[in-house]
Amino acid sequence: RNSRPVLIVYRFRKSRLEMANAGGAPIMVMNQSTQRESGRKAQLSNIAAAKAVADIIRTTLGPRSMLKMMLDPMGGIVMTNDGFAILREIDVSHPSAKSMIELSRTQDEEVGDGTTSVIILAGEMLHVALPFLEKVKLHPTVIVAAYRKALDDCLSTLETLARPIDCENREEMLRVVRSSLGTKFVSLFGDLMCSLALDAVQTIAVDIDDSKKKDVDIKRYARIEKIPGGELSDSKVLSGVMINKDITHASMRRTIENPRIMLLDCPLEYKKGESITNIEMLNPADWKRYLEIEEEYIEKICKDIQSFKPDVVITEKGVSDLAQHFLQQANISVLRRVRKSDNNRLARATGATIGHQPDLMHESDIGTRCGLFEVRKIGDEYWTFIENCKDPKACTIMLRGASKDVLSEIERNLHDAMNVARNVICDPRVLPGGGATELALAAALRSNSQSMHGVSLRPYQAVAAALEIIPKTLIENCGGHVIRLLTELRAKHANGKHTTWGIDGVKGRIVDMEELNIWEPFLVKSQTIKTSIESATVLLRIDDILSGVSKGKRDPAGGGGLQQQQTDPETFGDERDG
């Protein structure tokens, strides 16, 4: 007021972050329980983990491969040389090792074969990149760029190496399927297993509209039923479906020729209250009337069913005793609580349509393509056979064998064989097996590298060296001389000649794959090359691995739930003092 200058001083309190920074001490951003690997250490750790996973199943490649025995916590035993079956039983903690196991799962879902090859190849792709990271100190993006160029060149070379195959020629198809089973446990019974796989796939193949391609859905429409006992030669592909069910009433017919089949997914019983049902009854007659209403409801449903004059009724839900009585009097056989997947196969095999309400169905919904309905007892269980169907687009493969372990391994081998047949039907091209394709690709890459310059040259050539791991492993597993045989094969494949020469995995010598009739589907080989190189490029680009608690921490009270971390405002200097 008196016009004198006034000095106003504001005092700020420094935050903890600023004080720590001013003192030169390190700033702890992450929780102390978090483990971190970064830079070269993370990349080398990823390569070591991938190589360790590949070494586990490396001895299971080829016709002279070894078996792995795994014990689960419940005491069960799994004996197999299938790459995916081995890796899915292994419990790993390293994130890159988990990623490698996912590769095998992807390969199995996409093409069904080559699960061992893709892991071995991906592990080697990472292993050959190790010197460039350790000694040459190349940046990972340079290596990745060279790998991607090599992948493009490999795929274009595969197109030139591929040979068309006639899917209608049964002998040619059996040769391809026999090649895939040559490395499996069931190779001793090769002809039988090849016929089973090919017959099953050709049964369920459906033409796609307006195109020459076919759709083959093995997972939904080809089911393998394993029945211990009997001989392996008793196994067969049914021209229809078999399900592990018996008729609901002892007086119903067990054998019917040319039956009319009705499929339902609704219960043939009175509807029950969902939670609590209250009924008010004022006199004793009300209770009797209530029971009559239930009987009338069941009788109406059964009359609706009888109006179509079916011989067999199959439903996914339950069937009450009263409904069984009415249907048995009408000379109708009933199966209840059938799985949804089995019902879908039945619909496709018999030409029936699954109904939701019997009164809304039509005559065209009844299945009439079945030739024989029969209930048989095999061992201690009853099985219902719906077979001799006209043009069934669904089937069941009945496997007989000595024990459950043997049948489980045969099922895995048969699954691979069916996928090989499916791949050839979907894309009728094949490539030479026995490591011939990999060596042809390696020779093509070395030839292309002569016109390349710069830092990406060596990683590009390393892909060619990595591809040779497949023939090298085949030689090792059959006890051959690795250096001598590989040198002879390289000489054969030089200048793009003799591209069909590879390794005879039984005798350990180099032969022409055309003479041995060893071929692989184009889809399997191209998927193996793509998956292995792309996964290697992804893992090479990782330069930081963080593991630990991120957004929440375990409840110290032992409740097992997550407790939200509280943020201290002083830690980040959010307080406002003035």
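The name given to the protein in an unreviewed UniProt entry is T-complex protein 1 subunit gamma, with Hirondellea gigas as the source organism. Word for word, the UniProt comment on the protein under Subcellular location (unreviewed entry) is "Cytoplasm".

This brings us to the sheet that holds strand β15 (residues 381-387). If you trace the four strands from one edge of the open sheet to the other, you get β9-β15-β14-β10, paired in antiparallel fashion. Where the open sheet ends on each side, the last strands, each with one partner, are β9 (241-243) and β10 (255-257). Here the average twist between neighbouring strands, direction ignored, is 25°. Here seven bridges tie strand β14 (residues 372-378) to β15, and the two strands are oriented antiparallel to one another. Its bridge partner being in β15, E374 is matched across the sheet by F385. Sheet contacts for helix α13 (residues 340-350): β9 and β15; angle to β9, the most-contacted strand, approximately 150°.

Looking now at the packing of aromatic side chains. Two descriptors summarise a pair of aromatic rings, namely the distance from one centre to the other and the angle between the planes of the rings. Scanning the entire structure with this criterion turns up two aromatic pairs. Taken together, a centroid distance of 5.6 Å and an interplanar angle of 85° make the contact between Y270 and Y297 edge-to-face. Within this pair, whereas Y270 is found in the loop between β11 (261-264) and α11 (284-306), its partner Y297 is found in helix α11, the two being separated by 27 residues in sequence. On the accessibility criterion, Y270 (28% relative accessible area) is partly exposed. Here Y297 falls in the partly exposed class, since its relative accessible area comes to 29%. When the centroid spacing of 6.1 Å and the interplanar angle of 25° are considered together, the rings of W287 and Y290 count as stacked. You can see W287 and its partner Y290 sitting in helix α11, three residues apart, about one turn around the helix. On the accessibility criterion, Y290 (24% relative accessible area) is partly exposed. Above the plane of the ring of W501 lies K492, whose end atom (NZ or CZ) is 4.1 Å from the centre.

A word on the environment of E124. Its location among the elements puts E124 in helix α5 (residues 115-127). If near-sequence neighbours (up to four positions away) are discounted, E124 is found in contact with K51, A466 and I469. Within the local environment of E124, its side chain forms a polar contact with the side chain of K51, the two groups lying 3.1 Å apart.

As a further point, take a nonpolar patch on the surface. A cluster of nonpolar side chains, namely M69, L71, I77 and M79, defines an oily patch on the protein surface of about 410 Å² accessible area. For the nonpolar patch, the elements supplying multiple residues, two or more each, are β2 (68-71) and β3 (77-80). Positionally, I77 belongs in strand β3. Among the residues examined, I77 registers a relative accessible area of 39% and is labelled partly exposed.

Okay, the sheet that holds strand β16 (residues 395-401) next. Pairing in this open sheet of three strands is mixed, and the strands run β7-β16-β8 from one edge to the other. Only two strands of the sheet have a single neighbouring strand rather than two, namely β7 (222-228) and β8 (236-238). Each adjacent strand pair in this sheet contributes to an overall mean axis angle of 25°, direction not counted. As paired strands, β7 and β16 are joined by seven bridges and run parallel to one another. Across the sheet, P228 pairs through a bridge with G401, a residue of β16. Along the sheet face, helix α9 (residues 190-204) touches β7, β8 and β16 and points at about 165° away from the line of β16.

Reading the values: the criteria
- Residues numbered from 1 in each chain as written.
- Predicted model: local features only at pLDDT ≥ 70, side-chain atom pairs only at ≥ 80, totals over all residues.
- Heavy atoms only, no water.
- UniProt positions renumbered as here; feature names shortened; annotations may be inferred.
- Pairing = 2+ DSSP bridges.
- Helix = DSSP H or I, 4+ residues; strand = E, 2+ residues; numbered from the N terminus.
- Axes fitted to C-alpha atoms, helices over the stretch in contact; angles between N-to-C directions.
- Contact = heavy atoms within 4.5 Å.
- Phe/Tyr/Trp six-rings, centres within 6.5 Å; stacked < 30°, edge-to-face > 60°.
- Buried < 20%, exposed > 50% of the residue type's maximum accessible area, 1.4 Å probe, protein only.
- Lys NZ or Arg CZ within 6 Å of the ring centre and 35° of its normal.
- Polar contact = N/O pair within 3.5 Å; in protein donor to acceptor, adjacent residues only side chain to side chain.
- Patch = residues over 30% accessible without salt bridge, like charges linked within 9 Å, V, L, I, M, F, W, Y side chains within 5 Å.
- Areas by Shrake-Rupley, 256 points an atom, 1.4 Å probe, with all protein chains shown as cover.
- Salt bridge = Lys/Arg side-chain N within 4 Å of Asp/Glu carboxyl O.

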